[in-house]
Structure formats: C-alpha cells, structure tokens
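# Survey of secondary and tertiary structure
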Amino acid sequence: MYAMVQGVVSKQTSELRKLWDNKRALLFQLLNLSMIVFSALMIWKSLIVITKSESPVVVVLSGSMEPAFQRGDILFLNNQDTPIRVGEIVVFKIKDRDIPIVHRVLKVHEDKDGVVELLTKGDNNRIDDRSLYAPGQMWLRREDILGRAVGTLRYIGMVTIMLNDYPPVKYVLVGLMGLFVLTNKEGG
C-alpha cells in the first residue's frame, strides 16, 4: 500500500515538474480546471433558476425526520408557487440561523388577508417546531420556505457530513482533485 501511494506521489510530482517547465501546457491545464469549476457553478445556478429555490439540493443533517429520511440523505427541492399542503416535507430557514431544517408541514393557517402560515414538525420529534423558530415566531411564512422535497438519494450526503465534520480532509481532497486535473493528460 505504501509503495503504491509513493508511486502515485512520485508520478504526480514528475508531472507537475513537466507542467512547470512547459508554461503552455500548464496554462491549458489551468483552463481545464477553471472550466470544470465554472461548469459546476453554472449547473448550480441553473438549478436555482429552474427550481426557484436558493438551495435546490440539501443534505439531511439530523435524525429528526426518520424513518422518512435518514441522516446523510440528499434531498432535491422545488419551490414553485403552488400552495403548500399538510403532510408535505419542506425545507425552511430560520432568521439568524445558517443551517436549513427539513420537517413535515403539520398545519396550514390562512388568515383573512390570504397570508399563509405553516407549522412544522419532525417525524421523529415529539412536539412541533415552535421552539426552533425565531423568538416570538409562532408560524413560518412562505418566504421562510426554501422548497419542498421532490426527490432523494439515500446516504450519499454522508460524504458532505464527513467533510464538514473533518475540514482538513476536505482541503486534502480538494487539493488532490485539483492536482489530478492539472496533471491529467488528454488523449493518452
């Protein structure tokens, strides 16, 4: 195992030296890397426009929605203007909190002015979410909703959770991916 890692490291070091000596090839590989990054950003922005959600893909971070969703599931969101109904699973954001919450709509309340308010609850929680809302907030409004869950990939998000729990691993992996993109030769 050690010999294999040492071989990969020496090969990548050799390729980097060759790239450094050949400025044109280095520029070409840097352009390839930037195209990959910008393509990912364009796909993300396209998803934001299509789904009308500022966060079209989220990872379930807790067990509050078990058995419907497990920690590490990836949810695909859609935030179209259709009315939200009781029983739908929504992702919402609370004022002054960074992390969105995935829970089921327990009650929908519409006042005489047509303003819709929602009450949510995690399937695995005993009580509703009022204790999670901002101080003094009793209901969620439509603008608090990032989207409703329309699809899922089971457990794939555990990679994201691991990378957030161990930031050095994230930096090492991103660096390795960049290194392999830079030293990859097209066409053999």
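Residues numbered from 1 in each chain as written. Predicted model: local features only at pLDDT ≥ 70, side-chain atom pairs only at ≥ 80, totals over all residues. Heavy atoms only, no water.

## Comments concerning helix α1 (residues 2–21)
How we decide: Secondary structure is summarised from DSSP: a helix means a run of H or I of at least four residues, a strand means a run of E of at least two, and numbering begins at the N terminus for each. Helix span, expected: 1.5 Å multiplied by one less than the number of residues in the helix. Any pair of residues with heavy atoms lying within 4.5 Å of one another is described as a contacting pair.
Between its first and last C-alpha, α1 extends 29 Å over 20 residues, near the 28 Å set by a 1.5 Å rise per residue. Among the structural elements, α2 (23–51) and α4 (167–183) are those in contact with the buried residues of α1.

## Let's talk about a nonpolar patch on the surface
Note the threshold: Note that patches include only residues with greater than 30% relative accessible area and no salt bridge, and the join distances are 9 Å for like charges and 5 Å for nonpolar side chains (Val, Leu, Ile, Met, Phe, Trp, Tyr). Using a 1.4 Å probe, the Shrake-Rupley method yields the accessible areas, and only the shown protein chains count as cover for residues. Any Lys or Arg side-chain nitrogen found within 4 Å of a carboxyl oxygen on Asp or Glu counts as a salt bridge. The buried label goes to any residue with under 20% of its type's maximum accessible area, the exposed label to any with over 50%, and the partly exposed label to all in between, with areas taken from a 1.4 Å probe on protein chains only.
On the surface, Met1, Met4, Val5, Val8, Val9, Met162, Tyr166, Val169, Val172, Leu173, Leu176 and Phe180 cluster together into a nonpolar patch covering about 1,100 Å² of accessible area. Elements with a minimum of two residues in the nonpolar patch: α1 and α4. For the nonpolar patch, the element with the highest residue contribution is α4, accounting for five residues. Within the fold, Val169 resides in helix α4. With a relative accessible area of 32%, Val169 lands in the partly exposed category.

## Remarks on the pattern of salt bridges
Tallying each qualifying case throughout the model produces seven salt bridges. Across the pair Arg141 and Glu117 runs a salt bridge, and its minimum N-O distance is 3.6 Å. Here Arg141 is found in strand β6 (residues 140–141), whereas its partner Glu117 is found in strand β5 (residues 116–121), with 24 residues between them in sequence.

## Some words on the nonpolar core
In summary, soluble globular proteins display a tendency toward joint burial of nonpolar side chains. Quick note on the threshold: Residue types Ala, Val, Leu, Ile, Met, Phe, Trp, Tyr and Cys, when buried and joined through side-chain atoms within 4.5 Å, form a set referred to as a nonpolar core.
Ile84, Val90, Phe92, Ile94, Ile101, Val105, Leu118, Leu119, Tyr133, Ala134, Leu140 and Ile145 together form the largest nonpolar core, which totals 12 residues. Looking at this core, the elements that each hand over two or more residues are β3 (89–92), β4 (101–110) and β5. Excluding residues that lie within four positions of it along the chain, Val105 makes contacts with Ile84, Arg85, Val86, Gly87, Glu88, Val90, Leu118, Leu119 and Thr120.

## A few points about the sheet that holds β5
Put simply, the rule is: At least two DSSP bridges between two strands are required for those strands to pair.
The seven strands lie next to each other as β1-β2-β7-β3-β4-β5-β6, forming an open sheet whose pairing is antiparallel. Both outer strands of the open sheet, β1 (57–59) and β6, are each paired with one neighbouring strand and no more. Summarising the sheet, strand β2 (residues 74–78) and strand β7 (residues 145–153) pair through five bridges and their orientation is antiparallel. Residue pairing across strands places Phe76 opposite Gly151, the latter belonging to β7.

## Structural notes on the packing of α1 against α2
Stated formally: Angular values range over 0 to 180 degrees, each being the angle between N-to-C directions of two axes fitted as lines to C-alpha atoms, with helices fitted over their stretch in contact. Working definition: roughly parallel below 35 degrees, roughly antiparallel above 145 degrees, roughly perpendicular at 65 to 115 degrees, and oblique for all remaining angles. Think of it as three bins: nonpolar holds Ala, Val, Leu, Ile, Met, Phe, Trp, Tyr, Cys and Pro, charged holds Asp, Glu, Lys and Arg, and polar takes everything else, Gly as well.
At their nearest, the axes of α1 and α2 sit 5 Å apart, and the two run at 110° to each other. Put simply, α1 runs roughly perpendicular to α2. Here Leu19, Trp20 and Asp21 of α1 lie close against α2, whose contacting residues are Lys23, Ala25, Leu26 and Gln29. Residues that form the contact of α1 with α2 fall into these classes: four nonpolar, one polar and two charged.

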